[in-house]
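Structural overview for review
Letter by letter, the chains look like this.
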Amino acid sequence: QVRFVESGGGLVQPGGSLRLSCAASGSIFGIYAMGWYRQAPGKQRELVAALTQGGSTNYPDSVKGRFTISRDNAKNTVYLQMNSLKPEDTAVYYCNRIENLSGSYYPFGSWGQGTQVIVSS
């Protein structure tokens, strides 16, 4: 089973940027659609970026225009570039394999430890 290790989080001021990385084990990483999720304290985990095998992306309105998901299959890594960060982006960020079922994306792999992002002045 593919495992994911997230990194790149930290403390950043509002308006700042961070790039998160998700390293995957396993050579079949390239066939997966991938997503970035986040979970803030007291809230449910939510999908903030999706990337299909064909390269299509999808974002919720809360991050659209600020977050960009990308992947490097040769490095078995998926990235999340986050710009114009807001305090409400504060959360633990996770990546996972996703599947589209009836028009919605669902996680289909094991969760890693995540990487903490704190947006604060």
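Notes on the structure in this doc start here. Along each chain, the written sequence defines residue order, and numbers are assigned to residues from 1. Predicted model: local features are reported for residues with pLDDT of at least 70 only, side-chain atom pairs are reported and counted for 80 or more only, and whole-chain, interface and lining totals are derived from all residues. As a rule here, side-chain values cover all heavy atoms of the structure and leave hydrogens and water aside.

As for the overall build of the protein
Helix and strand content of the protein: zero helices and 11 strands. Here the globule rule is a power law, 2.2 Å times the number of residues to the power 0.38, and the radius of gyration is based on C-alpha atoms. At 13 Å, the protein has a C-alpha radius of gyration in line with the 14 Å of a compact globule built from 121 residues. Taken along the three principal axes of its C-alpha coordinates, the protein extends 40 × 30 × 25 Å. When a residue's accessible area, from a 1.4 Å probe over protein chains only, is under 20% of the maximum for its type it is buried; when over 50% it is exposed; and in between it is partly exposed. The buried share of the protein, taken over its 121 residues, is 41%. Across the protein, the fraction of contacts at a sequence separation of at least 24, relative to all contacts at a separation of at least 6, is 56%. For the protein, the exposed surface amounts to about 6300 Å²; the carbon and sulfur share of it is 47%. Positive charges are assigned to Lys and Arg, negative charges to Asp and Glu, while His and the chain termini are left out of the count. Here the site of a charge means atom NZ of a Lys, CZ of an Arg, CG of an Asp or CD of a Glu. Between the averaged position of the 11 positive side-chain charges in the protein and that of its 7 negative side-chain charges there is a distance of 3 Å. What counts as a helix is a DSSP run of H or I of at least four residues, what counts as a strand is a run of E of at least two, and both are numbered from the N terminus. We call two residues contacting when some pair of their heavy atoms lies within 4.5 Å. Here, Shrake-Rupley sampling with a 1.4 Å probe gives the accessible areas, and only protein chains in the shown set may cover a residue.

Details of the pairing of strand 7 (residues 67-72)
Taking every second residue as pointing to the same face, the buried face of strand 7 carries F67, I69 and R71, while none of T68, S70 and D72 on the other face is buried. A pair of strands is treated as paired once DSSP finds two or more bridges between them. Two elements, strand 7 and strand 8 (residues 77-82), share six bridges in a ladder whose sense is antiparallel. Opposite T68, over in strand 8, you have Q81 as the bridge partner. Counted between consecutive antiparallel strands, the loop separating strand 7 from strand 8 contains four residues, among which N76 sits at a positive phi close to 50°.

What about the sheet that holds strand 7?
One open sheet holds the four strands; their spatial order is 1-3-8-7, and the pairing between them is antiparallel. At either margin of the open sheet sits one strand with a lone partner, and together these are strand 1 (4-7) and strand 7. When strand polarity is set aside, the average angle formed by the axes of neighbouring strands in this sheet is 15°. With axes taken as lines fitted to C-alpha atoms, and helix axes fitted only over the stretch in contact, angles between N-to-C directions fall between 0 and 180 degrees.

Some details on the nonpolar core
Residues enter a nonpolar core if they are buried and are Ala, Val, Leu, Ile, Met, Phe, Trp, Tyr or Cys, with the set joined through side-chain atoms within 4.5 Å. Counting residues in each nonpolar core, the largest one holds 27 residues, and the members touching the most others are W36, F67, I69, L80, M82 and Y93. It is strand 3 (residues 18-24) that contributes the most residues to this core, four residues altogether. Those residues within four positions of F67 in sequence are excluded, and the remaining contacts are R38, V48, Y59, L80, Q81, M82, N83, L85, D89 and Y93.

Structural notes on the state of the cysteines
When the sulfur atoms of two cysteines come within 2.5 Å, that pair is taken as a disulfide. All chains considered together, the criterion is met by one disulfide. Across the disulfide from C22 sits C95; the S-S distance is 1.8 Å. When the S-S torsion is 50°, as for the bridge of C22 with C95, the disulfide is right-handed. Here C95 lies in strand 9 (residues 91-101) and C22 lies in strand 3, a separation of 73 residues in the sequence. Here C22 and C95 have matching classes, each one buried.

Here's the deal with the pattern of salt bridges
A pair is scored as a salt bridge if a Lys or Arg side-chain nitrogen falls within 4 Å of a carboxyl oxygen belonging to Asp or Glu. All told, the structure shown has five salt bridges when counted by the stated rule. D61 is the salt-bridge partner of K64, the closest N and O atoms lying 3.4 Å from each other. With its nearest N and O atoms 2.7 Å apart, the salt bridge here joins R66 to D89. Separated by 23 residues along the polypeptide, R66 in the loop between strand 6 (57-58) and strand 7 and D89 in the loop between strand 8 and strand 9 bring together distant segments of the chain.

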